[in-house]
Amino acid sequence: MRGYLRGDGRKGVRNVVAVAYLVECAHHVARAIVSKSDDPDVQLIGFPGCYPNAYALKVMQAIATHPNVGGVLLISLGCESFNREALRAAVEVSGRPVETLVIQDSGGTAATIQKGREAVARLTAIAARTPQVAMDLSDLVIGAICGGSDGASGITANPAVGRAFDRLGAAGATCIFEETGELVGCETIMAARAITPELGRELEASVRKAEAYYTVMGYGSFAPGNAEGGLTTQEEKSMGAYSKSGSAPIVGILKPGDTPPSGGLYLLDVVPDGEPRFGFPNISDNAEIVELIACGAHLILFTTGRGSVVGSAISPVIKVCANPETYRKLADDMDVDAGRIMEGRGTLDQVGDEIFDLVLTVAGGARTVSEALGHQEFILTYKTFEPIGPACLPLRRAV
C-alpha cells in the first residue's frame with residue numbers, strides 16, 4: 001500500500017478536498033460548489049447549527065485534519081456563532097491548504113459558488129502534490145458499525161468482522177467498535193477483556209450511562225425493523241453487535257474526536273455525557289460513521305442484515321451483508337456476501353479473510369461499492385462530552 005503523507009506523520013488512503021458549510025444557511029452554496037466541481041474527491045461536510053457546540057467544533061477539526069483530507073474550503077454565511085477562525089487555524093497548523101468564503105462578504109449565492117469553484121481548483125492542485133509513501137497495516141485505523149440488524153447479523157457478518165478485526169489488530173492496525181447503546185448486557189464480558197481493571201470499570205460505566213440515557217428518554221436502540229428481521233430481545237441484538245469486536249484485548253475507550261494513541265482495539269463511546277437532553281444519541285448510522293472517522297478511521301466496515309445503501313464522505317465504507325436474501329435483493333450495494341455462511345457457501349474464517357483482504361485492497365486505492373455509486377453522506381448534530389480520564393487510555397499513560 002501507498003498513502004498520502006500528512007504533516008503530522010499520519011498517512012491517508014484518499015486525498016479528498018472537503019467543502020465544509022458552517023451553518024445550515026450555507027449548506028446550499030457548499031453543496032452547489034461540490035456538485036459543480038464534478039469530482040468524486042471533492043466532498044461535502046458540515047455542521048448545520050448556528051449556536052456553538054464544543055463537540056461539533058472538535059469533530060469538525062478532527063474531520064478537516066483527517067489523514068484522508070488534502071485540503072479544505074470553509075463556507076460561512078457570516079453571522080453564525082460557529083468558530084470558523086478556530087477551525088481554519090486547526091487546518092493551517094496541520095499543514096493543509098485552507099480557504100474561507102463568507103457569503104455575506106462574497107456577493108451572495110451565485111458569486112460565492114463561482115468563487116468556491118475557483119478555490120476548489122486551487123486546493124485540488126495543491127493536494128495533488130501531496131507526497132505518497134509506503135503504508136503499513138500498522139498505519140491503518142478501521143472502524144466498524146452495524147445498521148439495519150436482523151437475526152442473521154450476529155451469526156454471519158458481525159462475527160466475520162470480528163475475525164477480520166483480530167487479524168488486523170494482530171498486524172498492528174487500530175480497530176474501533178461502537179456503540180455503547182447497543183452493548184447493554186455485554187458490559188461484564190466486555191470488561192473482562194480490558195487490559196487493566198480500571199479500564200474494565202470504565203467500560204462497564206460507559207454501558208450503564210447508555211442504559212440510563214435511553215431509560216430517561218423512554219426508548220432504546222431496538223427498532224421495529226430489528227424485530228421484523230428476527231431479533232427477539234435487546235440482549236440478543238447486543239450480543240450480535242458485540243461480536244464485531246472480535247476477541248482481542250480492549251486497550252482503551254475513545255469519545256468522538258479522540259485519536260487512538262497506539263494500535264489495538266478500542267471502544268468508541270458515542271452517548272453524550274451529563275443529563276440527557278439531545279434526544280436519540282445517534283439519529284442515523286451516518287452520525288456514528290462520522291464519529292468513527294473523527295477518531296481517524298481510514299475506512300469503515302458496515303454490517304447490515306435488513307440492508308443499507310449509505311456510504312460516507314471522507315472515508316470509504318465497506319458493506320458486509322449478513323442475510324443471503326438481502327444480498328440477493330441489494331447485491332449492487334454490497335461489497336461482501338457474509339450471508340453465504342448461512343447457506344453453507346463459506347465459513348466465518350473465510351468471510352473474515354475476505355474482509356481483511358478487502359480492507360487492504362480499498363486502502364490501496366480500490367473504490368468500494370458505495371464510493372462507486374457516489375454515496376457521500378455526512379451528518380453532525382449537537383452533543384456534549386466530558387474529556388476521557390487516564391484510565392480510559394492506559395497505553396497513553398504507559399508511554
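Up top is the structure these notes are about.
Residues numbered from 1 in each chain as written. Predicted model: local features only at pLDDT ≥ 70, side-chain atom pairs only at ≥ 80, totals over all residues. Heavy atoms only, no water.

(A) Highlighting the layout of surface pockets. Each pocket or cavity is described by its volume, and for the largest pocket that value is around 350 Å³. Forming the walls of the largest pocket are 25 residues, and the residues nearest its centre are Arg-10, Val-141, Thr-259, Pro-260 and Cys-295. Contributions of two or more residues to the lining of the largest pocket are made by α2 (54-64) and α10 (285-294). When residues in the lining of the largest pocket are grouped by element, the largest group, 3 residues, is from α2. Partitioned by chemical class, the residues of the lining of the largest pocket number 9 nonpolar, 12 polar and 4 charged. (1 Å grid on protein atoms, 1.4 Å probe; cavity = no way out; pocket = protein on both sides within 12 Å on 5 of 7 lines; lining within 4 Å. Points joined across faces, edges and corners; volume = space filled by probe spheres on them. Helix = DSSP H or I, 4+ residues; strand = E, 2+ residues; numbered from the N terminus. Nonpolar A, V, L, I, M, F, W, Y, C, P; charged D, E, K, R; others polar.)

(B) Region of the structure containing the sheet that holds strand β8 (residues 141-146). An order of β10-β11-β9-β8-β12-β13-β14 is seen for the 7 strands of this open sheet, with the pairing classed as parallel. Of all the strands in the sheet, just β10 (250-254) and β14 (336-337) have a single pairing partner and so form its edges. Bridge count for β8 against strand β12 (residues 299-304) is 5 bridges, and the pairing is parallel. Within β12, the residue paired with Ile-145 across the bridge is Phe-302. Packed on one face of the sheet, helix α5 (residues 157-170) meets β8, β9 (174-177), β11 (264-268), β12 and β13 (317-321) and runs near 170° to β8. (Pairing = 2+ DSSP bridges. Contact = heavy atoms within 4.5 Å. Axes fitted to C-alpha atoms, helices over the stretch in contact; angles between N-to-C directions.)

(C) Structural context of the environment of Glu-182. Its place among the elements puts Glu-182 in the loop between β9 and α6 (187-191). With relative accessibility at 10%, the residue Glu-182 sits in the buried group. Counting along the chain gives 80 residues from Glu-182 to Ser-262, while the straight-line C-alpha distance between them is 25 Å. (Buried < 20%, exposed > 50% of the residue type's maximum accessible area, 1.4 Å probe, protein only.)

(D) Structural detail: the state of the cysteines. In the structure shown here, the tally under the stated rule is 0 disulfides. Cys-295 forms no disulfide, and the closest cysteine sulfur to it belongs to Cys-392, at a distance of 13 Å. (Disulfide = S-S within 2.5 Å.)

(E) Structural view of the pairing of β8. Across the 6 residues that make up β8, a large majority, 6, are buried. Alternating residues of β8 divide into Val-141, Gly-143 and Ile-145 and Ile-142, Ala-144 and Cys-146, and every residue in both groups is buried. The pairing of β8 with β9 spans 4 bridges and is classified as parallel. The residue of β9 that forms the bridge with Ile-142 is Cys-175.

(F) Structural context of the pairing of strand β6 (residues 98-102). Where strand β5 (residues 69-76) meets β6, 5 bridges bridge the pair, whose relative direction is parallel. When the sheet's bridge partners are listed, Leu-74 is paired in β6 with Thr-100. With helix α3 (residues 84-93) bridging β5 and the parallel β6, this β-α-β connection has right-handed handedness. (Right-handed = clockwise from strand over helix to strand, strands pointing away.)

(G) A look at α2. Burial analysis of α2 places 8 of its 11 residues in the buried class, which makes it a mostly covered element. Among the residues making up α2, those that are buried are Tyr-55, Ala-56, Leu-57, Val-59, Met-60, Ala-62, Ile-63 and Ala-64. On its buried face, α2 sits against β3 (16-21), β4 (42-46), β5, α3 and α10.

(H) Up close: the side chain of Thr-130. Its location among the elements puts Thr-130 in the loop between α4 (109-127) and β7 (132-134). Given a relative accessible area of 16%, Thr-130 falls into the buried group. Of the polar contacts made by the side chain of Thr-130, one reaches the backbone oxygen of Ala-127; its length is 2.7 Å. Residue contacts for Thr-130: discarding those within four places in its chain leaves Tyr-4, Leu-5, Arg-6 and Asn-15. (Polar contact = N/O pair within 3.5 Å; in protein donor to acceptor, adjacent residues only side chain to side chain.)

(I) Broad picture of the pattern of salt bridges. In the structure shown here, the tally under the stated rule is 20 salt bridges. A salt bridge links Lys-209 to Asp-269; the nearest nitrogen and oxygen atoms lie 2.8 Å apart. On the criterion of sequence distance, the pair formed by Lys-209 in helix α7 (residues 197-217) and Asp-269 in the loop between β11 and α10 is long-range, its members being 60 residues apart. Note that Glu-291 and Lys-383 form a salt bridge whose closest N and O atoms lie 2.8 Å from each other. Highlighted residues: Glu-291 in helix α10 and Lys-383 in the loop between α13 (369-372) and α14 (394-398), separated in sequence by 92 residues. The same class applies to Glu-291 as to Lys-383, namely buried. Here the residues in one salt-bridge network are Glu-325, Arg-328, Asp-337, Glu-343 and Arg-345, joined through shared partners. (Salt bridge = Lys/Arg side-chain N within 4 Å of Asp/Glu carboxyl O.)

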